[in-house]
Amino acid sequence: MPLQQTHSTQDGKCPRSTSPQPHSDATAGESQAACHKRKILRLTEHMASTTFTPASTQPPPAPLNPDSPSTPTTALPPLPLDSSSYAAAADTSPSSASGHVFPPDLEVTPTPPGGFPVPQLGCSVWKNVNHMVRASWTIKSGPKVWARVWKARYNNDHQPTLTKIQTLVEKIARPGVAMTLHVSVLVAAEHLWEKLPPPWHYLISNIPQSLVDFLGRQVVVSTPDVMCFFLPFDPPLQMYLCTLENFALPCTTQANNVIAEVVKATLLCDREGISFIEEQLENPDTGAAERAIKSIYASSFTIALSPTKKKTLWNVYCHSPPDLSLPDFFAWACKVRSTEFIMEDYGRGTAQIGDKQLICFGCKSLDHPTGLCPFTSLSGWLGPAPQSATTDERNMVERDRGCPRKSGQQGSHVRVSSQWLINNTMYSPSQLPFLVLYIVK
């Protein structure tokens, strides 16, 4: 039976799947539960003889107020493995292949060892783009590339953002190219009641392929004036699948490996999911689904729930995603997020979906909250500091959720979710219990 295609959006609202599925590599008549139990038993036996050691961590971002109590140590989410077609190599000059170089008077954040982290977007670059604009942009001839600024949001007044993007690209391009390049502005299909609503991307065209390749390898160009992310016109599939919670395991490398094996064993037991992948492949390949599942890996980090309580979360990535269209990949990711991953001694892991789905408002990635964005901790980062979450930004969330002031009212008190503040700002937990935001016009 083919998998029912469920459209997955960045809010991750996918139904839970609890019904048993046949096993892809089980013998005839063997139930999924028996097959799954057999694989998990091998893992638990291995864990019983393993001593867990802490996973490598990075220092937490600085607190919003230096005088406030510090939060418990929080590990930054590990960076996804780089895609050779999308991120700059660590040991290669980003300008060596195309001949383009950053001008000496342009201050930029240097490429870190291993390349820049790749934002794991949860939606298409075409999300909420007017259909007439989309049709026009699709048939534009010649090389083209997407550009998105830090904390991008749709705004009818495009001039300030467009000017910054165009000025940056003109500085990078050769003089002759700068005279002809064109930056197309966005037109939204409808107003979306969400924070920093899409569409986010501008289209840069009338440039040579060498400049497109150069910008694509940068992933991000951070300057004192603008932080700009660049994507190929046909972006590669992301590697992020979901964020798991509820396992009674520590934040360690060994636990990450065990959880990855549990996820792989569970998904390999799902014949329906494997059949869906194989049926939707751009190029038919019988073993593609299993190869993709076997490339899955997990990484962990912690968030603070209170001054004395931390929670470990596990990001699940597919290093070699199957050759699917973007809608089909999101449909498969939705299926993964609706699956429960059970370990006999360490609980039932479930994906964070709906309001619990992580999202970074800065780089738009789904695998970390704004306060733990890995870009802001890069050496030489020229963009906003980690503690730069402002009251105006948090007020904007409430307005976007439909909290208009009454006429003549000086202000209104809106209680904001403590969990939202923990995940998306750098307030310390001790500041949260009685925190009330006062919204003024």
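Our structure is the block above this text.
Here is a short report on the structure shown in this document. Sequence order as written defines the numbering, with residues in each chain counted from 1. Owing to the predicted nature of the model, reporting of local features is limited to residues with pLDDT of at least 70; listing and counting of side-chain atom pairs is limited to 80 or more, with chain, interface and lining totals taken over all residues. Processing note: side-chain calculations cover all non-hydrogen atoms of the structure and skip hydrogens and water entirely.

**Things to note about the packing of aromatic side chains**
To be explicit about the condition: Between 30 and 60 degrees the pair is tilted, below 30 it is stacked and above 60 it is edge-to-face, where a pair is any two Phe, Tyr or Trp rings, Trp via its six-membered ring, whose centres lie within 6.5 Å. The numbering of helices and of strands both runs from the N terminus, where a helix is a DSSP run of H or I of at least 4 residues and a strand a run of E of at least 2. For every residue, the accessible area obtained with a 1.4 Å probe (protein chains only) is divided by the maximum for its type, and the residue is called buried under 20%, exposed over 50%, and partly exposed between those limits. Any Lys NZ or Arg CZ that is within 6 Å of a ring centre and within 35 degrees of that ring's normal is treated as a charge sitting over the ring.
Considering all chains together, one arrives at 15 aromatic pairs under this definition. Ring geometry for W126 versus W137: centroids 6.5 Å apart, planes at 50°, classification tilted. Here W137 lies in helix 2 (residues 131-138) and W126 lies in the loop between helix 1 (32-48) and helix 2, a separation of 11 residues in the sequence. Of the two residues examined, W126 and W137, each falls in the buried class. Relative to W146, the ring of W137 has its centre 5.8 Å away and its plane inclined at 50°; by these criteria the two rings are tilted. You'll find W137 and W146 in the same group, each marked buried. Chaining the aromatic ring pairs together yields one cluster made of W126, W137, W146 and F233. Residue placement shows K144 over the ring face of F233; its charged tip is 4.5 Å from the ring centre.

**Some remarks on the nonpolar core**
Spelled out, the test is: Residues enter a nonpolar core if they are buried and are Ala, Val, Leu, Ile, Met, Phe, Trp, Tyr or Cys, with the set joined through side-chain atoms within 4.5 Å.
W146, I165, L168, I204, I207, L211 and F230 are the most contacted members of the largest nonpolar core, which has 40 residues in total. The set of elements that each furnish at least two residues to this core consists of helix 2, strand 1 (144-149), helix 3 (159-172), strand 3 (202-205), helix 5 (209-218) and strand 5 (227-232). No other element matches helix 3, which puts five residues into this core.

**Remarks on the environment of P250**
With respect to the helices and strands, the residue P250 is situated in the loop between strand 6 (240-245) and helix 6 (253-268). Sequence-wise, P250 and T312 are 62 residues apart; in three dimensions their C-alpha atoms are separated by 7.1 Å.

**What to know about the sheet that holds strand 4 (residues 220-222)**
Stated formally: At least two bridges found by DSSP between two strands is the condition for calling them paired. Helix axes are fitted only over the stretch in contact, all axes being lines through C-alpha atoms; the angle between N-to-C directions runs from 0 to 180 degrees. Every residue pair with non-hydrogen atoms within 4.5 Å of one another is taken to be in contact.
An order of 2-3-1-5-4 is seen for the five strands of this open sheet, with the pairing classed as antiparallel. Across the chains shown, the open sheet's two edge strands, defined by having one partner strand only, are strand 2 (182-184) and strand 4. Pairwise comparison of adjacent strand axes, ignoring direction, gives a mean angle of 25° for this sheet. Pairing analysis gives five bridges linking strand 1 to strand 5, with the strands arranged antiparallel. Bridging from a neighbouring strand, W146 pairs with L231 of strand 5. Across the sheet, helix 5 lies against strand 1, strand 4 and strand 5, angled at about 35° from strand 1, the strand it touches most.

**Observations concerning the sheet that holds strand 8 (residues 309-318)**
Strand order in the open sheet formed by five strands is 7-8-6-10-9, and the pairing between neighbours is antiparallel. Each edge of the open sheet is held by one strand with a lone partner, namely strand 7 (296-306) and strand 9 (341-343). Across this sheet, the average inter-strand angle for adjacent strands is 25°, counted without regard to direction. In this structure, strand 6 lies alongside strand 8, joined through four bridges in antiparallel fashion. Directly across from C242, in strand 8, lies its bridge partner V316. Packing of helix 6 onto the sheet brings it into contact with strand 6, strand 7, strand 8 and strand 9, and relative to strand 7 it is tilted by some 120°. Seen against the sheet, helix 9 (residues 326-337) touches strand 6, strand 8, strand 9 and strand 10 (347-351) and runs at an angle of roughly 15° to strand 6.

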